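Tertiary structure, described
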Amino acid sequence: MAEAAVMAVVSPILKLVIDKLGSGFCEELGLARGATSDIGRLQSVLSTINDVLDDAQRRSISDKALTGWLRKLKDAAFDADDVVDEFQYEALRRRNLRRNQLIGRVSDFFSPSNQFAFRLKMAHNIKRIHKRFDHIAEERSKFHLAEGSTPRRTIDRETFSVVNESEVYGRDEDKEKIINFLVSADDRSNVSVLPIVGLGGVGKTTLAQLAYNDQGIKEHFDLKLWVCVSDDFRIQKIVKAIIESATGQECDLSNLEAAQLQLQTQLSGRRFLLVLDDVWNEDEAEWERLKTLLRNGKQGSKIVTTTRSDVVSRIMGTVAPHKLQCLTMNDCWTLFKQRAFGPEREEETPRLVEIGKEIVAKCGGLPLAAKALGSLMRFKTEAEWEYIRGSELWRLPVNENSILPALRLSYDHLPSDLKQCFAYCSIFPKDYVIEREKLIQLWISEGFIQTLDGDIHEEEVGNQYFNSLLWRSLFQDIQKDQYSNIRTCKMHDLVHDLACFVARDESSIMRGGMKRSIPHGCRYSSIVSDDTMSSTTLKADFEVKKLRSLILLRQRYHQMTHIKQFAFDVMLSLTHLRALDLSKACIKELPRTICKLKHLRLLDLSKTEIALLPLSITNLHHLRTLNLTSCYRLQNLPEGMCNMSRLRHLDIRGCRRLICMPRWLGQLHNLQTLSMFIVGKEHGRTISELAHLNLISDGLEIRELGNVQDPMEATKTNLASKTNLRSLELHWKRYSVSNMALAAFSIAEVGEVFERLKPHSNLKELSIRYYPGIKFPTWMTRMELASSPIHNLVRIELMGLERCKCLPALGHLPFLERLHILNMNAVRRIGVEFYGDGGIFPSLRGLTMWGLRDLEEWSTETTAAGKSMMAFPSLEYFTLGKCPKLRVAPWVPPSVVDVSIEGDRLLSSASTRGLHKLRSLSIKGCEALLLLSWWEWMQDLTALTRLHIRDNKLMCLPKGILQLRMPSWWECIQDLTVLTKLTICDDKLMCLPKGILELRMPSLQNFDLECSNLKSISGEERDKQQQPPTFFMTIQDLQIQFCGELTALPKWLGSLTSLRSLQLQNCPKLEMLPDGLQCLTALWGLQVCSCPQLARRCERERGEDWPKIAHIPNIHIYPRKGVEEDREENSQRTITRLIRKSRLTSCMGHG
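Residues numbered from 1 in each chain as written. Predicted model: local features only at pLDDT ≥ 70, side-chain atom pairs only at ≥ 80, totals over all residues. Heavy atoms only, no water.

The protein chain is annotated in an unreviewed UniProt entry as Disease resistance protein RGA2-like from Elaeis guineensis var. tenera. Note on the protein chain: under the UniProt heading Sequence similarities (unreviewed entry), the record states "Belongs to the disease resistance NB-LRR family." (UniProt positions renumbered as here; feature names shortened; annotations may be inferred.)

Structure below.
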């Protein structure tokens, strides 16, 4: 099997070398007749060897002698590719120099001595390679290999690109058992853990996903978390992964204690479901350490683990494990049949059904095997089905890597081009999230993808390769973007084992603490960097290696200071590289020796601190992909980039300090990615450079459009011919209205420029920023939608258009889902002209209206065929703010689930009645809060889970509101039965009013009190009672902070049996903890920060209050800081918390 893998690499690369030798560079370089003859003979020898490779593949499984021959051939093929690639590099270099007519400045390159030295060197290399292949060809004879080739396997049809991951068979009963466990009542004080145990490939992860994504489970848990653990059970890594799953953001906390605190904040008082997938750790002490950190959730929190190990299940489980059995023959056949047969094909081919059932019987009931084999059999002939049924691979013993015979067969029957693409994926660690586009670019860089049809781009073929591997179940767990394009995927552990098995020493992953060095024959390597590495060890490990790919993975910036020197070493020693990924590396510059990487096709410098690129980078004539995404310090791109004729992808998204573009970028006619273009006035930097760049795809941002001096230049841009563009941003320089007159803009010319920037109708997103004109172009306003370039738009953003008095008619756009209108101060009225005749924005889900300073009227009513209709029937997310002149609050559709309002008169009970689906409400600066009728309306918001009210004008509640029997403000809040989190901030409040103390809120778990003048929690007398107020009975997470006048905590605090977390911060007068705290057995965490008297009493083993808290597992006492310093330090954390919390902030009077 391994030998077959070797052959799979040799065959395509040998073909690549043969094609390069026949590309005609000999004539272009003017090589001597002898060298040309040697090249011709070498090409002949390689072709002869290539003719027998198919026979070598068929015999390689059992012939060990053939193994060595194939290995020699593989190494020689790689070395030959390097030599021929250098020929091509020189041909490209000379071609570019001639094209730019730079002979006078670089005549030394074409001097006789240089030409002679190059020819002599390359002639020597050709002779050396030729001699090597002659020797290999002579050895071939002893194997008696037959010439001829088998029909080339083709890539599957494009229709297989979409895989229905929801098709799962035979797991209904298992799913029901898992769900019953998850929703069952739990009397345990600690979180319950259910292990799912089974063989690799039996579907443990799929079963966990079925339960995890069940609608009932989504509603039952406050927080769902998924972490893929694999064989790396470091506590800090897992804690960070849980935090990232909870927040959706990268966790950069390097200190475990800080990470524990953030984890505690995320879990505190919330019923959570945590899935720990693919666990291998059998160290019980390590699991107990992690488990301790997971006890801060609400009662009923659950953990599900998946593992192949019974030992792991015994260590982790608090209940009996769910042992997942193999599928029945019938279920396995159904799964196989779904992949193997097209519609109605089963009834037409009874013989294939008979053979197929025999094949399925060999799958051992493993769904992964059934899916892989079913995909393999699609479109094969009956003879091929017979061959696979009788394959020798079924009789091979399972090796040490447990490679399933079904997966071996799936690999063995891949086309040779796909085999090397699959094997290359071993460069990624297990469970790594692989980016589809990046993977395809890496394949192309390595020469794995060749196109015979000049009209088909290598990226298109690469996408077909990816889809084919996905169809065969060699990729899984795909994630899609908003347009259903696949963004990422993963590989199953068993599939990854197969990739590593077939790649052998050709691929390697370097980790910290590795005892073995990079194999001598390694061609592709990745580095999982950590603090145990040094530049010295890295240099030693990679020295004298012929690497073709080097990728840094899973980097965090602070961990990578050792990478800086290594990056410089790479430029000097690893000169065979085709792909170099230094993303997130701690580097601020590149050495000029970057030009030594003559073979480089892909260079990723994204998210580094590079400010300038060396001019020598323009000598990388083979470079196809240059990724500079989020290089926020980058100021300039080097002049001469127009010489990089093979450049296809230049990604400069997020490079906000970039000043200008290099000259003559328009000469790069093959550019497919150009994410930003900064318009200049100088020749070679104008907008007309975009004229012939019609292959640009995805997104394009055109900045500094004020530099377009002639509307004819805009015409030359030819945006309508850029059919692959999906997103377009047109950006003028930002001017205030008062400065616009001074800028001497010609309104007519500005409008004419905009008119001529008409895009193609394939566009999905359009953003217009700071346009200084007064009207929109006709292609945005005309009603002939079938021919309109904006017909297919999904997202529109209009920002800073301060002179436009009317909005374009957008109501008819059938696919528009998001509309953002920001800072359009000249708009005074929004009416039928916005909707068009009968337009209602049928698909709009998100609407933002912000900063329309002069807006006075807004009607959401439109007319169609004489009938009145309400607009926005599908609206879910609505934001309105900074519209001070708007007299009447707009009507909010009942479909809305999230509303954010800022400003006077922008919300009324009349405009918001019937919002039964509303889940999140944020209000700031709205005088409707003073009206009792508005608070009464809140009784209807039965679905509300998040409420955030902050009002600088509201110094107290409406007079007498707390004395009202029904409905008072607090009684209205009580009707919000699913509200889980509440914050009260009020600098005038001295204690909580009786109205809130008597509230019964069954779902409330988190309460945050921030009142600088608070003297007691429930009043001095009430604080002395043992029985807690009704309001606090369900509280699990209590935070009291910035209460500078609070001297004592209530006695009843020791009776809050549900309390799991108590945080006290910046309460400098707080003297002691109440008695009874030691009785709170559920209390898991205590944090005291900037409370000096209390901190002293809580000192470990010695403080007077230590006996009250010694039983708490997690205690964190922090030294005193200034209040202002502490507020500033915690501001970012507070903002992050507020985003996730249901929050009520009100400035209440004491009443």
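Here we come to the sheet that holds strand β32 (residues 981–985). Spatially, six strands are ordered β32-β33-β34-β35-β36-β37 in an open sheet, and the strand pairing comes out parallel. The open sheet is flanked by β32 and β37 (1114–1118), the only strands paired with a single partner. Strand-to-strand, the axes of this sheet are offset by a mean angle of 5 degrees, without reference to chain direction. Here five bridges tie strand β34 (residues 1037–1041) to strand β35 (residues 1061–1065), and the two strands are oriented parallel to one another. For isoleucine 1040, the partnering residue across the bridge sits in β35 and is leucine 1064. Relative to the sheet, helix α11 (residues 256–267) contacts β35, β36 (1085–1089) and β37, its axis offset from that of β37 by approximately 115 degrees. (Pairing = 2+ DSSP bridges. Helix = DSSP H or I, 4+ residues; strand = E, 2+ residues; numbered from the N terminus. Axes fitted to C-alpha atoms, helices over the stretch in contact; angles between N-to-C directions. Contact = heavy atoms within 4.5 Å.)

The next thing to look at is the sheet that holds strand β11 (residues 549–553). What the eight strands build is an open sheet, ordered β9-β10-β11-β12-β13-β14-β15-β16; its pairing is parallel. Two strands bound the open sheet, and with one partner strand each, they are β9 (507–511) and β16 (673–674). Where strand β10 (residues 524–528) meets β11, five bridges bridge the pair, whose relative direction is parallel. Residue pairing in the sheet places serine 526 in a bridge with isoleucine 551 of β11.

Running from N to C, helix α10 (residues 235–247) and helix α12 (residues 284–292) point in directions that differ by 35 degrees, and their axes come no closer than 10 Å. Seen along the crossing, α10 lies across α12 with a hand that is right-handed. Together, Ile235, Ile238 and Val239 of α10 and Glu286, Arg289 and Leu290 of α12 make up the contact between the two elements. Grouping the amino acids of the contact of α10 with α12 by side-chain chemistry returns four nonpolar, no polar and two charged. (Left-handed = near helix turned anticlockwise from the far one by under 90°. Nonpolar A, V, L, I, M, F, W, Y, C, P; charged D, E, K, R; others polar.)

Under the defined criterion, the tally for this structure stands at 59 salt bridges. For the salt bridge of arginine 289 with glutamate 286, the shortest nitrogen-to-oxygen distance reads 3.2 Å. Here glutamate 286 and arginine 289 lie together in helix α12, a separation of three residues that amounts to about one turn. Across the pair glutamate 459 and arginine 624 runs a salt bridge whose closest N-O atoms are separated by 2.9 Å. With glutamate 459 in helix α22 (residues 458–471) and arginine 624 in the loop between β13 (602–604) and β14 (625–627), this residue pair connects regions lying 165 residues apart in the sequence. Of the two residues, glutamate 459 and arginine 624, both sit in the buried class. (Salt bridge = Lys/Arg side-chain N within 4 Å of Asp/Glu carboxyl O. Buried < 20%, exposed > 50% of the residue type's maximum accessible area, 1.4 Å probe, protein only.)

A separate point is the nonpolar core. Within the largest apolar cluster, 122 residues are counted, with the highest numbers of intra-cluster contacts made by Trp69, Phe133, Phe422, Trp443 and Phe475. Here this core gets eleven residues from one element, more than from any other, and that element is helix α5 (residues 64–99). (Core = buried A, V, L, I, M, F, W, Y, C linked by side-chain atoms within 4.5 Å.)

In total, this model carries 25 aromatic pairs according to the counting rule given. Judged by centre distance (6.1 Å) and plane angle (80 degrees), the rings of phenylalanine 448 and tyrosine 524 are edge-to-face. Here the residue phenylalanine 448 occupies a position in the loop between α21 (436–445) and α22, and tyrosine 524 occupies one in strand β10, the gap between them amounting to 76 residues. The exposure classification of phenylalanine 448 matches that of tyrosine 524, with both residues buried. Ring plane angle 35 degrees and centroid distance 5.0 Å describe the contact between phenylalanine 466 and phenylalanine 475, whose orientation is recorded as tilted. Taken as a pair, phenylalanine 466 and phenylalanine 475 share a single burial class, namely buried. Within the aromatic cluster, the residues linked to one another by ring pairs are Trp333, Phe336, Phe341 and Trp385. It is lysine 302 that lies over the ring of phenylalanine 181; its NZ or CZ is 4.7 Å from the centre. (Phe/Tyr/Trp six-rings, centres within 6.5 Å; stacked < 30°, edge-to-face > 60°. Lys NZ or Arg CZ within 6 Å of the ring centre and 35° of its normal.)

Mapped onto the fold, glutamine 441 is located in helix α21. In this view, glutamine 441 contacts Glu459, Leu602, Thr625 and His649; residues no more than four positions away in its chain are not counted.

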